[in-house]
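Architecture at a glance
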Amino acid sequence: MTRRFDSAGLTFRQDYFGDPAGWAALVNLLQDIFGIDIGPLQQLGGPDPSSMPFGWFDGNGELAANISAFALPFVINGRIVHAAGLQSGAVRPRWRGRGLYRDVTVKALDWCERQGFEAVILYTDKPSLYEPYGFRAIPLHRYEGAAPAPSASAAPARLLAPTHADDLALLQSLLKRRSPVSTSLGVTVNAAMFLINTQLDPDIRLSFLEDRQAAIAWKIDETGRFSLLDVVAAEMPSLAAILGGLEIVPATVEVLFCPDRLGWAGVPQPLESGTRLMLRGLGDTIPNFPAMLSPMADF
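Residues numbered from 1 in each chain as written. Predicted model: local features only at pLDDT ≥ 70, side-chain atom pairs only at ≥ 80, totals over all residues. Heavy atoms only, no water.

Under an unreviewed UniProt entry, the name given to the chain is GNAT family N-acetyltransferase, and the organism recorded is Rhizobium anhuiense.

1. Let's talk about the pattern of salt bridges
The criterion, for reference: Each salt bridge in this description consists of a side-chain nitrogen of Lys or Arg and a carboxyl oxygen of Asp or Glu lying within 4 Å of one another. Numbering of helices and strands starts at the N terminus; helices are DSSP runs of H or I of at least 4 residues and strands are runs of E of at least 2. Residue exposure (1.4 Å probe, protein chains only): buried if accessible area is under 20% of the type maximum, exposed if over 50%, otherwise partly exposed.
Across all of its chains, the model carries 19 salt bridges by this definition. With its nearest N and O atoms 3.4 Å apart, the salt bridge here joins Glu113 to Arg280. Of this pair, Glu113 sits in helix 2 (residues 100-114) while Arg280 sits in strand 17 (residues 276-281), and the two are 167 residues apart along the sequence. With a shortest N-O distance of 3.1 Å, Arg142 and Glu254 are connected by a salt bridge. Taken together, the residues Arg142 in strand 9 (residues 141-145) and Glu254 in strand 15 (residues 252-255) connect sequence positions 112 residues apart. Each member of the pair, Arg142 together with Glu254, is buried.

2. Remarks on the sheet that holds strand 11 (residues 185-187)
Heads up, the rule is: The pairing criterion is simple: DSSP has to find at least two bridges between the two strands. Note on method: axes are straight lines fitted to C-alpha atoms, helices fitted across the in-contact stretch only, with angles between N-to-C directions ranging 0 to 180 degrees.
If you trace the three strands from one edge of the open sheet to the other, you get 5-4-11, paired in antiparallel fashion. The open sheet terminates on both sides in strands that have one partner only, identified here as strand 5 (79-81) and strand 11. Taking each pair of neighbouring strands and ignoring which way they run, the sheet shows an average axis angle of 25°. Here strand 4 (residues 74-76) pairs with strand 5 via three bridges, running antiparallel. By the bridge assignment for strand 5, Phe74 is matched with Val81.

3. Some words on unusual backbone geometry
With a phi close to 60°, Asp15 is a non-glycine residue in the positive phi region. Structurally, the position occupied by Asp15 is in the loop between strand 1 (11-14) and helix 1 (20-34).

4. Things to note about the domain arrangement of the chain
The cut-off we apply is this: The start and end points of each domain follow an automatic or database-based domain assignment. Between two residues, a contact is recorded if the distance between any of their heavy atoms is within 4.5 Å. Here the quantity called buried area is the accessible surface, traced with a 1.4 Å probe, that two parts lose on coming together, added over both. Here a polar contact is recorded for every N or O atom pair within 3.5 Å, except that within protein the pair must consist of a potential hydrogen donor and a potential acceptor, and residues adjacent in sequence are included only if both atoms are side-chain atoms. Each residue receives one of three labels: charged for Asp, Glu, Lys and Arg, nonpolar for Ala, Val, Leu, Ile, Met, Phe, Trp, Tyr, Cys and Pro, and polar for the others, Gly being one of them.
We note that the domain assignment places domain 1 (5-138 + 273-289) and domain 2 (142-270) within the chain. The centre of domain 1, based on its C-alpha atoms, is set 27 Å off from the matching centre of domain 2. Contacts between domain 1 and domain 2 engage 23 residues on the former and 22 residues on the latter. When the area that domain 1 buries against domain 2 is broken down by residue, the three leading residues are Leu44, Pro73 and Val75, summing to 36%. The tally of links between domain 1 and domain 2 comes to five residue pairs in polar contact (both at pLDDT 80 or more). A total of three residues in the side of domain 1 that touches domain 2 trace back to one element, the largest contributor, which is strand 4. Considering only residue class, the side of domain 1 that touches domain 2 consists of 15 nonpolar, six polar and two charged.

As structure tokens, then:
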């Protein structure tokens, strides 16, 4: 039985982020469906230049369905993978059931294959939606444990505000030359996603360790638990140096990626989240050690 596809009253468009009206239509779609405002991304350097959106528009310029592909190289088990990511997948309720999302997903995956990407990854809370396209869930783990003694030799960090021009320029420079946080699993490039995530979650703190040339994305809760979300640096500082620079002595630590480059060994714990990381390609490859991609690599 042929699955239904009905695009009556709609126009297909591709590669519309350079059109202010097209970009605004995506901003409105994600705000309406998920309550996520990616509008500030334009003041943070704009969307990833490799982005390729696919969407169906109505006669008023409203985006009925969208998915966007972009280059997202990552490291897994010490190997750099030429990969793409999919994000911003959504369909407005009144346009659902017409096969529009299936259509843009197929178009995006076809584009990824033509570009020569060897793998595609995405985050979703509906993994069964993507399994028919060859995606499979990757188990995710965070790490927790006691805090190491802060390094007394670390210079004090300062807070960064990405909305300030000088701090934004510094972050963009660091993001261009960052190394993966882990050899087990970690992105090599994610500037746009990192920057917008600093605006989407008000609890994220961003600090700069000048002596280590490292930007630290972190949180601390009322119980004194320190959460390390990401480290943007050419050379990874140790967790002891990070805590020394931040001048904090947390009760406990959780690291939201494999800490193999932090000089600290926590205990891996399955990530309790409804969101799953899905991978298409690379056979049955999974990280050799429990791992997850930094939360700063997704929105």
